[in-house]
Amino acid sequence: MAVIQEVARTRGAARERRKGDGKAAALFLAPWFVGLVLVTAFPLVASLYLSFTDYSLLEAPGWIGLENYTAMFSDPRFFQALKVTFTYVLVSVPLQLAAALALAMVLDKGLRGLAFYRSVYYLPSLLGGSVAIAILWRQVFGADGLVNQVLGFFGIEGVGWVSHPDYALGTLMILNVWTFGAPMIIFLAGLRQIPAMYYEAASIDGAGRWRRFRSITVPLLTPIIFFNLVLQLIGAFQSFTQAFIVSGGTGGPVDSTLFYTLYLYEKGFSSYQMGYASAMAWFLLLVVAGMTAVNFLASKFWVFYDD
Amino acid sequence: MRVTATRAARRRGVALTALTAAGALALTACSGDSGALPSDDDGGGDGNVEIRFAWWGSDDRHKTTQQIIDLFEEKNPGITVVPDYTDWDGYWDKLATATAGGDTPDVITQEERYLSDYASRGVIGEMTGVDTSEIPADILSTGEVDGKLVGIPTGVNAYAMVADPQIFADAGVEMPDDTTWTWDEYVDIAGKISKGAGDGVWGAQDYGFNEAGLNVLARQKGETLYNADGTLGVSKETVAEFFQTSLDLMANGGQPDASRSVEYQNAGPEGSLLGTNAGAMGVWWSNQLGALSDASGHELELLRLPGESEFERTGMYFKPAMYYSISAKTEHPEESAKLVDFLLNDPEVAKLQLTDRGLPANLTVREAILPELAAADQKVADFMAALEPDIVDNPAVPPNGANEIQDIMIRINTEVLFERMTPDEAADAFLKDVGAAIGG
């Protein structure tokens, strides 16, 4: 009896304390919550509404129903933007992750001066999305740029890597692959988590280097690979700066780098079709959400959680 | 006792939450505007009025404009002018966003491709209370939309051929007579310069990225890019001919290959063929002569575009560099008009900004600053004075959606340069895309 009362009292106290914690939590969450409502949620809802209007920015919006969405599907440049973006995402993200994993494995060998190398390889991630680097790339990959001068040294005549419609998107993909630093750091942390005894045991059993990589590293790293994949996919869908700078804001040459976000921006701010741009934004949201959902569903079949 | 303590604590918690929320609100509100908007507006009785003046430009322009504002405030006690400036690229995004937020500046700098969009949507209103008597009627009329004066031209530019006599001489080619040269002669001359001047030097930079050249050609043939009623006024044949010239120039080596043309196009005056001494000719707006000359270090000349005596009439025209407009919703129309009047007509203003906003449209003011001009600007003034009698008329204000033509022109011209479209196909695509932009 006394025990029961004691338990009840402790429970009550715990509940009391939890209530107090809730208030403190609310207090600490308030700035974030207010920010979320004002900066994210409100614009989100507003843009959903605007996507059903003919909003021009200069005049009040007027309701036009689904017209923006139907117009989207008869707009050839909209499909060009989708094509460019999907090509970019599907090619550059896997390459980037492969590069990140390869570098992480090399660095995991415990080199001297590891911190230095880690920082050096991480640098492009910090700089890659910046305006300055995009301008630098425009120079380096120009028809008379550094890359072609090096190629010319070997007797190869290069092309205008960012000004030729057949090569411009490829050059931007390389720029994206080059920013592998952030996923690399995460891979590095993941590699450190794999107990050394697995490798030792496998070595004793006679497993070679490739076998150890395939049967130990990859399965144990799948949660990390999955995490990186989701993040990088979402990021790649939203790429904007590089294409904007390299093409002078046009998505050129001839729409070969017309990223989805670039076209959206052009529609909203230079064609004054903010309603159409909002509809495009919502379509992108659905596409990215869909891709992520597929990713999560598929993850059941290949991601392996050790616990 | 315990109860009150909890309640007090709860109350404190609520208060704190509210305080944090308010702080966050204030923070986001602050980052939302440019920080240039004080809340203590006119205040009613004391006669202290605040107006906001928006313009785009370089650091130099920002500095001189601030001096001009100081001068205005000195002469007009009781009026405070709040500067609101940015570079060209950001200007239109910012202006559209401010307009959407109901925070339109009182005095707005405008450009011909945007004037109609803003006027027809009622963002800028009819200009009243500004003395325009010193501005020639044919230039003033370029600020009219639907018969109403909605923008007053600050100054004028002409789209002209900039030439480098030194490279002509190096190549052993004579400078052309620009009143009689034809488009074919232009192609021919450019080819000869490329041959004569040696490796890495070309005759001309590709001209197809800017619709102004097409407008000149169209006008020479008795057509025009846009009719006064806002429809397209150029024929398919003329557009195709315009693009064909670029192909001819690539074929005879008169201009660089497609990739390089795209790169030079993106490089601005400083990185252009003329600016880097890698070419003898290029088409530019006349006010860029100074920047081009500085970059090249050579004494550059202005020529009329080819074909001025080849077809039906001359095609060259004066384009207002920019306009001053006044917000239709301004609370201080009189003070705003006073500022515009001062900017346009005060000789001291002109002496500060010289030709930075185009060769002044006000003729008296232009006369007054002539002796103060730098060598390149002097050349521009002389060129414009000689050109004036041969100009038939100036084009009407481009229709709504005309700002999209910049991107369309760049896209289609690139297709032509890379030979992914024939000039004929390009002409069709041009008429279709521009038609859609200005029809919508």
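Since this is a predicted model, take the numbers as computed values, not measurements.

Looking now at helix α12 (residues 333-345) of chain B. With 13 residues, α12(B) extends 18 Å between its outermost C-alpha atoms, agreeing within 8% with the 18 Å of an ideal straight helix rising 1.5 Å per residue. Of all the residues in α12(B), the buried ones are E335(B), S336(B), A337(B), K338(B), L339(B), V340(B), L343(B) and L344(B).

To continue, consider the sheet that holds strand β3 (residues 107-110) of chain B. Taken in spatial order, the 5 strands make up an open sheet running β2-β1-β3-β12-β6 (chain B), and their pairing is mixed. At either margin of the open sheet sits one strand with a lone partner, and together these are β2 (79-86) and β6 (152-153) of chain B.

Our next topic: the packing of helix α11 (residues 289-296) of chain B against helix α15 (residues 375-387) of chain B. Residue and element names in this part refer to chain B. Across the interface, α11 lies against α15 with an axial gap of 9 Å and an inter-helix angle of 140°. By the angle class used here, α11 and α15 are oblique. Classified by chirality, the crossing of α15 by α11 is right-handed. Together, L289, G290 and S293 of α11 and A376, D377, K379 and V380 of α15 make up the contact between the two elements. Looking at the contact of α11 with α15 residue by residue, the class counts come to 3 nonpolar, 2 polar and 2 charged.

With that settled, the discussion passes to the interface of chain B and chain A. Residue-level contacts link 32 residues of chain B with 31 residues of chain A. Sorting the residues of the side of chain B that touches chain A by element identifies α1 (2-32), α3 (88-100), α4 (112-120), α10 (258-266) and α16 (405-417) of chain B as the ones contributing at least two each. Per-element accounting of the side of chain B that touches chain A gives the leading share, 9 residues, to α1(B). In the side of chain B that touches chain A, the residues fall into 12 nonpolar, 9 polar and 11 charged.

Let us now look at the nonpolar core. Counting 168 residues, the largest nonpolar core has A160(B), V162(B) and V340(B) as the members making the most contacts within it. The element that contributes the greatest number of residues to this core is helix α3 (residues 76-107) of chain A, accounting for 10 residues. Shared between two domains, this core takes at least three residues from each, and those domains are domain 1 (49-154 + 321-378) and domain 2 (158-318 + 401-439) of chain B. Residues in contact with V162(B), not counting those within four places in the same chain, are L274(B), M281(B), G282(B), W284(B), L289(B), L292(B), L300(B) and L302(B).

Scoring rules and cut-offs
The numbers attached to residues start from 1 for each chain and follow its sequence in the written order. Chain letters and ligand numbers both follow the written order, the letters beginning at A and the numbers at 1. A pLDDT threshold of at least 70 governs which residues receive local features in this predicted model, and a stricter bar of 80 or more applies before side-chain atom pairs are shown or counted, although totals over entire chains, interfaces and linings include all residues. Segments assigned H or I by DSSP are reported as helices when at least four residues long, segments assigned E as strands when at least two residues long, and all are numbered from the N terminus. The span one expects for a helix is its residue count, reduced by one, times 1.5 Å. To sort residues by exposure, count the other C-beta atoms lying within 10 Å of each residue's C-beta; 20 or more gives buried, 12 or fewer gives exposed, and values between give partly exposed, all with C-beta atoms placed from the backbone. At least two bridges found by DSSP between two strands are what make those strands a pair. To define axes, lines are fitted to C-alpha atoms, for helices over the stretch in contact only, and angles between the resulting N-to-C directions are given on a 0 to 180 degree scale. Angles below 35 degrees are treated as roughly parallel, those above 145 as roughly antiparallel, those between 65 and 115 as roughly perpendicular, and all remaining angles as oblique. Should the near helix be turned anticlockwise from the far one by less than a right angle, the crossing is left-handed, and should it be turned clockwise, the crossing is right-handed. We call two residues in contact when the distance between their C-beta atoms, placed using the backbone, is within 7 Å. Note on residue classes: Ala, Val, Leu, Ile, Met, Phe, Trp, Tyr, Cys and Pro are nonpolar, Asp, Glu, Lys and Arg are charged, and everything else, Gly too, is polar. Definition of nonpolar core: a set of buried Ala, Val, Leu, Ile, Met, Phe, Trp, Tyr and Cys residues joined via C-beta atoms within 7 Å. An automatic or database domain assignment is the source of the domain bounds shown.

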